[in-house]
Amino acid sequence: MISMCLLKCIPFIYNVFVKVHISLAGENGIRISWITNTHTLPTVYYGISSGKYDHSANGTISSYEYLTYTSGEIHDVVIGPLDPNTVYYYCFALGTTHEYSFKTPPASFPIKFVISGDLGQTGWTKSTLDHISQTNYDVLLLPGDLSYADMLQPLWDSYGRLVEPLASQRPWMVTQGNHEVERIPAIHPTPFTAYNARWHMPFEESGSTSNLYYSFEVSGVHVIMLGSYTDFDSGSDQYQWLKADLKHHGIILTMLIKVRKNPLI
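No experiment lies behind these values; they were computed from the predicted model shown.

Undergrad: Just to check I follow, could you spell out empty space enclosed by the protein for this structure?
TA: Where empty space is left becomes clear once a probe the size of a water molecule has been rolled over the atoms. Inspection of every chain in the model, using the stated rule, returns one cavity of 30 Å³ or more. In this structure, the largest cavity spans a volume of roughly 100 Å³. Those elements that provide at least two residues to the lining of the largest cavity are β1 (18-24), β2 (30-36) and α3 (154-167). Split into classes, the residues belonging to the lining of the largest cavity amount to six nonpolar, three polar and two charged.

Rendered as structure tokens:
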């Protein structure tokens, strides 16, 4: 009996879905991201009643390598169209007792944003998250410096577990800071490897060519997330994209919010 229990229980424990976070994805959509240790389907089951999942959606699986570290399977699924100001319940496997929920933002103004940067993973981080949890916010904006992993990739995993209780319930919209660069000349020359793999933002939907800068619409507000640690001079892709984005939205804006880690000088 013990052997049978181990055979049945260990795979479930090993495949636990962790580091769950959600973000806005286009019009009336939510992107749900999570990581597993072994292969599971990139499927989300969801509905407006707890335990009753009338809809499902499939997505993609990816992973990345950084020096000797290999990430788990990163699942990325966009669900929708969703109704505004509505609580949805979701899970990743039918029959599981682990259910998550989130609330979509309102259809129009007013909307409540929380803005917090340089979270890291310290005692102060817990205090900050505790304060955030006490606010009835709609969307969190994080202008860079998420995990402070600084090339120690397991710290991205612990950060994902740390923020999951909040990041799985409300959209977290992030941009990068210097601690996300993680570039090592001649050894790992590609910057933002972990950040881009783990925190997929809706850059495609806004016409951007990079996950490092993008914009989105929510509740009548146009939010622009800029990248301080990628090219931003007048000949750069980011500069040209920003000009086009402002031109496209400038006439119809109710409110414009620009979010960046450092000033673009």
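On we go from here.
Undergrad: How should I be thinking about the layout of surface pockets in this particular structure?
TA: Computed from the structure, the largest pocket encloses a volume of approximately 520 Å³. Gly26, Glu27, Asn28, Glu217 and Val218 are, among the 24 residues lining the largest pocket, the residues nearest its centre. The dominant element in the lining of the largest pocket, judged by the number of residues it contributes, is strand β14 (residues 214-218), at four residues. When the residues that make up the lining of the largest pocket are grouped by side-chain class, the tally is 10 nonpolar, 10 polar and four charged.

Undergrad: I tried to follow the pairing of strand β3 (residues 43-47) on my own but got confused; where do I start?
TA: Regular strands place side chains that alternate from one sheet face to the opposite one. Extensive coverage of β3 is indicated by the burial of four of its five residues. Relative to strand β4 (residues 55-58), β3 runs antiparallel, the two being bridged by four bridges. By the bridge assignment, Thr43 is partnered in β4 with Asn58.

Undergrad: Could you clarify how one ought to interpret helix α2 (residues 123-133) in this entry?
TA: Since the α-helix advances by 3.6 residues per turn, residues separated by three or four positions end up pointing in the same direction. Listed in full, the buried residues belonging to α2 are Thr125, Leu129 and Ile132. Buried positions in α2, seen along its axis, are confined to an arc of 60° and lie on one side of it. Looking at α2, the residues exposed on the side facing more than 90 degrees away from the buried face are Gly123, Trp124, Lys126 and His131. Looking at the packing, one finds that the buried side of α2 touches β11 (113-115), β12 (139-143), α3 and β13 (172-175). N-cap assignment for α2: the residue whose side-chain oxygen lies 3.1 Å from the backbone N of Trp124 is Thr122.

Undergrad: So what exactly am I meant to see when it comes to the sheet that holds β12 here?
TA: Two modes of strand pairing occur in sheets, parallel and antiparallel, and in both the strands are linked by backbone hydrogen bonds. With respect to topology, three strands assemble into an open sheet ordered β11-β12-β13, the strand pairing being parallel. Edge strands, defined here as strands with exactly one partner in the open sheet, are β11 and β13. The mean inter-strand angle of the sheet, taken between neighbouring strand axes irrespective of direction, is 20°. As paired strands, β11 and β12 are joined by three bridges and run parallel to one another. Bridge assignment links Val114 to a residue of β12, and that residue is Leu140.

Undergrad: Explain unusual backbone geometry here, please?
TA: As a rule of thumb, non-glycine residues mostly have phi less than zero, and peptide bonds are mostly trans rather than cis. Pro81 follows Gly80 through a cis peptide bond whose omega is 5°. The omega torsion of the bond from Phe109 to Pro110 falls at 10°, within 30 degrees of zero and hence cis. By the secondary structure assignment, Pro110 is in the loop between β10 (100-103) and β11. At Glu182, a residue that is not glycine, the phi angle is positive and equals roughly 55°. With respect to the helices, strands and loops of the structure, Glu182 is situated in the loop between β13 and α4 (193-198). Given the relative accessible area of 6%, Glu182 is considered buried. Unusually for a residue other than glycine, Ser219 sits at a positive phi of about 55°. Secondary-structure assignment places Ser219 in the loop between β14 and β15 (221-225). A residue is classified by how much of its surface remains accessible, and Ser219, at 6% relative accessible area, is buried.

Undergrad: Please explain the side chain of Gln153 as it appears in this structure.
TA: Mapped onto the elements of the fold, Gln153 is located in the loop between β12 and α3. Look at Gln153 and you get buried, because its relative accessible area is 1%. Residue contacts for Gln153: discarding those within four places in its chain leaves Tyr64, Tyr66, Tyr69, Glu182, Ala194 and Arg198.

Undergrad: Before we go on, may I ask you to explain the environment of Val174 in this structure?
TA: Note on placement: Val174 falls in strand β13. Look at Val174 and you get buried, because its relative accessible area is 0%. Put simply, Val174 and Ile115 are 59 residues apart on the chain and 9.9 Å apart in space, counted from C-alpha to C-alpha.

Analysis parameters
- Residues numbered from 1 in each chain as written.
- Predicted model: local features only at pLDDT ≥ 70, side-chain atom pairs only at ≥ 80, totals over all residues.
- Heavy atoms only, no water.
- 1 Å grid on protein atoms, 1.4 Å probe; cavity = no way out; pocket = protein on both sides within 12 Å on 5 of 7 lines; lining within 4 Å.
- Points joined across faces, edges and corners; volume = space filled by probe spheres on them.
- Helix = DSSP H or I, 4+ residues; strand = E, 2+ residues; numbered from the N terminus.
- Nonpolar A, V, L, I, M, F, W, Y, C, P; charged D, E, K, R; others polar.
- Buried < 20%, exposed > 50% of the residue type's maximum accessible area, 1.4 Å probe, protein only.
- Pairing = 2+ DSSP bridges.
- Arc of directions from axis to C-beta.
- Contact = heavy atoms within 4.5 Å.
- Polar contact = N/O pair within 3.5 Å; in protein donor to acceptor, adjacent residues only side chain to side chain.
- Axes fitted to C-alpha atoms, helices over the stretch in contact; angles between N-to-C directions.

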